[in-house]
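Now for the letters of each chain:
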Amino acid sequence: MNLSFIAQVVTRGTDHMQSFREQVLRAAELQPALINSHSAADRMPADEQLRFFEAALRLEQEIGIPIAHETHRGRAFFTPWQTAAVLKQLPELTIGADFSHWCAACESMPSLEDEDVQLSLARAIHIHGRVGYPEGPQVSDPRAPEFAAHVETFIGLWLTICQHRFDAGADTMTFTPEFGPPPYLQVLPLTQQPVADLWDVNLWMFQTFKQRFEAKFLIEREPMR
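Note that the coordinates shown come from a computational prediction; the quantities given were computed from them, not determined experimentally.

## Focus: the overall build of the protein chain
1) Next: The secondary structure content of the protein chain amounts to seven helices and six strands.
2) Next: Order of helices (α) and strands (β) in the protein chain, N terminus to C terminus: β-α-β-α-β-α-β-α-α-β-α-β-α.
3) Next: A compact globule built from 225 residues would reach a C-alpha radius of gyration of about 17 Å, and the protein chain, at 17 Å, matches this within 12%.
4) Next: Looking at the protein chain, you have 18 positive and 29 negative side-chain charges, and the mean spots of the two groups are 3 Å apart.

So this is what it looks like as structure tokens:
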């Protein structure tokens, strides 16, 4: 079976750049399709974040493997405006789109009309397929009718990313359904019983987006991974 994979790195400690470099070099030995990174920290000063991402770009060029810096709470890209501030200064920097975290950080849904969001859509090279809502990063069950508008918003964002990628010459798009276990997944009080089956939710999210993807891009491509 000819499988490829996406590596994940998570910077930590007092020296985020050193942590990043060590993990990226280890991951690169396995030749992943791309590396998704939880990069830097939200509390880092702007100039320090900029130096981090400048060094990250140099390392990406050194290893020759795409690196996507995830939009994630607690990280440098924890809001649309903070992400845009860095992206505007570094035109070659790319992101891993997990906009569900912005729902929690901003207490609002990301919008296709927002200029900062638009910039992130244009720079995203990988998608984490989780649907958030204005008070949190993960709806309890995306199949529920009360979350239909939330799902539609996120699918619109993801399809826009795909369009940008194909317009730029890419021939594949990577998508990871990423609804997570508790405490991401809500549980019932007292019993702590999960309110939905996590495997079923992620499978439904992948299949639903795959259908929408195929309906929009009616041309022959390598299957979405």
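## Some points on unusual backbone geometry
1) Next: Of note, the bond from P182 into P183 is cis; its omega dihedral lies within 30 degrees of zero at 10°.
2) Next: For Q192, which is not a glycine, the phi torsion comes out positive at approximately 60°.
3) Next: Turning to its location among the elements, Q192 is positioned in the loop between β6 (174-177) and α7 (198-216).

## Thoughts on the pattern of salt bridges
1) Next: This structure, assessed with the given rule, holds seven salt bridges.
2) Next: Here R130 makes a salt bridge to D98, at a shortest N to O gap of 3.1 Å. Of the two residues, R130 is situated in the loop between β5 (124-129) and α6 (148-167) and D98 in the loop between β4 (95-97) and α4 (100-106); the sequence distance between them amounts to 32 residues.
3) Next: Overall, R130 belongs to the buried group, its relative accessible area being 3%.
4) Next: Relative accessible area serves as the criterion here: at 0%, D98 is assigned to the buried category.
5) Next: Close ionic contact of R212 with E152 constitutes a salt bridge, the shortest N to O distance being 2.8 Å. Highlighted residues: R212 in helix α7 and E152 in helix α6, separated in sequence by 60 residues.
6) Next: Classification of E152 by relative accessible area gives partly exposed; the value is 41%.
7) Next: Residues joined in a network through salt bridges with shared partners are D98, R130 and E178.

## Section: the nonpolar core
1) Next: Judged by nonpolar contacts, the single largest core of 58 residues is most densely connected at I35, F99 and W158.
2) Next: A total of nine residues in this core trace back to one element, the largest contributor, which is α6.
3) Next: Among all residues touching I35, those that are not within four sequence positions of it are A7, V9, V24, A27, I63, I65, P66, I67 and A68.

## Points about the environment of P177
1) Next: You can see P177 is positioned in strand β6.
2) Next: The exposure class assigned to P177 is partly exposed, which follows from its relative accessible area of 26%.
3) Next: Considering only alpha carbons, one finds P177 and H128, 49 residues apart in sequence, at a separation of 5.9 Å.
4) Next: Contact partners of P177, with chain neighbours within four places excluded, come to G129, N202, M205 and F206.

## A look at helix α3 (residues 80-89)
1) Next: All of the buried residues along α3 are P80, Q82, T83, A84, V86 and L87.
2) Next: Looking at the packing, one finds that the buried side of α3 touches α2 (46-63), β4, α4 and α5 (115-123).

## What to know about the pairing of strand β1 (residues 6-10)
1) Next: Across the two faces of β1 the burial differs, with A7 and V9 buried and I6, Q8 and V10 not buried at all.
2) Next: The pairing of β1 with strand β2 (residues 34-38) spans five bridges and is parallel. Across the sheet, the residue bridging to I6 is L34, located in β2.
3) Next: As for the winding sense of the linkage, the β-α-β connection from β1 through helix α1 (residues 16-28) to β2 is right-handed.

## Re the packing of aromatic side chains
1) Next: Scanning the entire structure with this criterion turns up 13 aromatic pairs.
2) Next: Between W158 and F175, the aromatic rings sit 5.2 Å apart at their centres with planes inclined by 70°, giving edge-to-face as the arrangement. Here the residue W158 occupies a position in helix α6, and F175 occupies one in strand β6, the gap between them amounting to 17 residues. In this structure, W158 and F175 share a single accessibility class: buried.
3) Next: Note on W158 and F209: the rings are 5.5 Å apart at their centroids and 85° apart in plane angle, and the pair reads as edge-to-face. Within this pair, whereas W158 is found in helix α6, its partner F209 is found in helix α7, the two being separated by 51 residues in sequence.
4) Next: Residue W158 is classed as buried on the basis of its relative accessible area, which comes to 1%.
5) Next: On the accessibility criterion, F209 (0% relative accessible area) is buried.
6) Next: Connected via pairs of aromatic rings, a cluster forms that spans F154, W158, F166, F175, F206, F209, F213 and F217.
7) Next: Note that R130 overlies the ring of Y184, its terminal NZ or CZ placed 4.2 Å from the centroid.

Rules used throughout
- Residues numbered from 1 in each chain as written.
- Predicted model: local features only at pLDDT ≥ 70, side-chain atom pairs only at ≥ 80, totals over all residues.
- Heavy atoms only, no water.
- Helix = DSSP H or I, 4+ residues; strand = E, 2+ residues; numbered from the N terminus.
- Rg over C-alpha atoms; globule rule 2.2 N^0.38 Å.
- Lys, Arg positive; Asp, Glu negative; His and termini not counted.
- Charge placed at Lys NZ, Arg CZ, Asp CG, Glu CD.
- Salt bridge = Lys/Arg side-chain N within 4 Å of Asp/Glu carboxyl O.
- Buried < 20%, exposed > 50% of the residue type's maximum accessible area, 1.4 Å probe, protein only.
- Core = buried A, V, L, I, M, F, W, Y, C linked by side-chain atoms within 4.5 Å.
- Contact = heavy atoms within 4.5 Å.
- Pairing = 2+ DSSP bridges.
- Right-handed = clockwise from strand over helix to strand, strands pointing away.
- Phe/Tyr/Trp six-rings, centres within 6.5 Å; stacked < 30°, edge-to-face > 60°.
- Lys NZ or Arg CZ within 6 Å of the ring centre and 35° of its normal.

Everything listed is a geometric property; what it means functionally is a separate question.
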